[in-house]
Amino acid sequence: MVASKIVILTGAGISAESGLGTFRDNGGLWDRHRIEDVATPEAFARDPDLVHSFYNTRRAQAAQAEPNPAHFALAWLQADWPGEVVIVTQNVDWLHEKAGGTAIHMHGELSRALCANCGHRSPAPLVMTPADPCRACGARATRPDIVWFGEIPYRMEEIADHLHSCDLFVAIGTSGQVYPAAGFVTEAAYAGARTLEINMTDSETSAAFDDHRVGLASQTVPAWVT
Ligand code: BV8
């Protein structure tokens, strides 16, 4: 019997207990910043200093953060499960990797810089400014390598292949409000997967899941994998 394939989508909720803010919980990032001001290409064109400041703050917080038991449990599952375990994350921190796991970062990564002029990618310094010249073309057009609203998430074809070939789809710590990630559960279910949601509360897409485990990720995820 071939071991089953598991695809896991994570959101900001899996990193909340590592001290990194979520977006839509009370006091979340979108309570303090308008998406239009800090997370769109138009915002970056209009005020690159403000956008860099928003991501510099989050990059410094991410650098201080440690994985929590939920990240370690998923890394253990990736190492121990006889089948394939694919993590697709909406998060731009590197806590899955810091816990020893691997992840597809569909919304980009705080740790990378992207040149808007030539597309060159490089490790991001802790503090980015609009004056940073691109190491490849010299243009002063480097931005955080982040997928903003209105931009196409990374590795979508690869993700679709995983959704269409998995036996179990699990969403952990995501409010199900941002597409295309919020539509993954329907895509996986249509291809025949069982679906499980792990969250502290109901999400926008809870009704689409077969099963639910409610609680803090640092407790529910280790309980689920063992
Ligand atoms: C695209 C940048 C085309 C990175 C982000 C109208 C209808 C439908 C869609 C649209 C529409 N108008 C526009 C759209 C498209 C738009 C969209 O979905 N808008 C929404 C707001 C309606 N999407 C896009 O623009 C995307 N691009 O569509 O391109 C396309 C697509 C495919 C193919 C071809 C073309 C681009 C989306 C990416 C935008 N970038 N951020 C960054 O700054 O970090 S999105 C942002 O939201 C973050 O990336 C974040 O990851 C993502 C989702 O948020 P969550 O991770 O879910 O976090 P949230 O705070 O919302 O929820 C936390 C959850 O955790 C809660 O449920 C909470 O209960 C739980 N929780 C908290 N603590 C714990 C916990 N659970 C367990 N334990 C805990 N301790």
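Data block above holds the structure.
Structure report, in brief. Just so we're clear, the structure is a prediction, and the values are computed from it rather than from any experiment. (Residues numbered from 1 in each chain as written. Predicted model: local features only at pLDDT ≥ 70, side-chain atom pairs only at ≥ 80, totals over all residues. Heavy atoms only, no water.)

## Examining the sheet that holds strand β7 (residues 168-172)
Threshold: Pairs of strands are assigned from DSSP output, requiring at least two bridges between the strands. Each helix is a run of H or I in the DSSP string that is no shorter than four residues. Each strand is a run of E no shorter than two, and both are numbered from the N terminus.
Reading across from one edge, β3-β2-β1-β7-β8-β9 is the order of the six strands in this open sheet, with parallel pairing throughout. In the strand order of this sheet, the two ends are held by β3 (104-105) and β9 (211-214), each with one partner. As paired elements, strand β2 (residues 85-89) and β3 share two bridges and run parallel to each other. Considered in β3, the bridge of T89 is made with H105.

## Some thoughts on the environment of A181
Using the following cut-off: The contact criterion used is simple: two residues touch if any of their non-hydrogen atoms lie within 4.5 Å.
Structurally, A181 is set in the loop between β7 and α8 (184-190). With residues up to four places along the chain from it excluded, the contact list for A181 reads L9, Q90 and M106.

## Remarks on the environment of I35
Within the secondary structure, I35 is located in helix α2 (residues 35-38). Residue contacts for I35: discarding those within four places in its chain leaves W30, T40 and F149.

## Topic: the site of the ligand
What counts here: It suffices for a single heavy atom of a residue to lie within 4 Å of a molecule or strand for the residue to be listed as near it. Polar contacts here mean pairs of N or O atoms no more than 3.5 Å apart (in protein, one a potential hydrogen donor and the other a potential acceptor; neighbouring residues in sequence count only if both atoms are side-chain atoms). Residue-level accessible areas treat just the shown protein chains as cover; the underlying method is Shrake-Rupley with a 1.4 Å probe.
Inspection of the region around the ligand gives 35 residues, with F23, R24, T174, S175 and Y179 positioned closest. Within the contact set of the ligand, an oxygen atom lies 3.2 Å away from a backbone nitrogen or oxygen of G173. Side-chain polar atom of T174 to an oxygen atom of the ligand: 2.7 Å apart, as the coordinates give it. Burial of the ligand by the surrounding chains reaches 77%, relative to a free accessible area of 1,500 Å².

## A closer look at the sheet that holds strand β6 (residues 142-146)
Formally: Whenever a helix is involved, its axis is fitted only over the stretch in contact; in every case the axis is a line through C-alpha atoms, and angles between N-to-C directions fall within 0 to 180 degrees.
Across the sheet, which stays open at both edges, the three strands sit in the order β5-β4-β6 with antiparallel pairing between neighbours. The strands lining the two open edges of the sheet, one partner per strand, are β5 (121-123) and β6. Strand-to-strand twist across the sheet, computed as the mean angle between neighbouring axes with direction ignored, equals 45 degrees. Examined bridge by bridge, strand β4 (residues 108-115) and β5 share three bridges and lie antiparallel to one another. For R112, the partnering residue across the bridge sits in β5 and is P123.

Shape is all these values report; function is a separate question.
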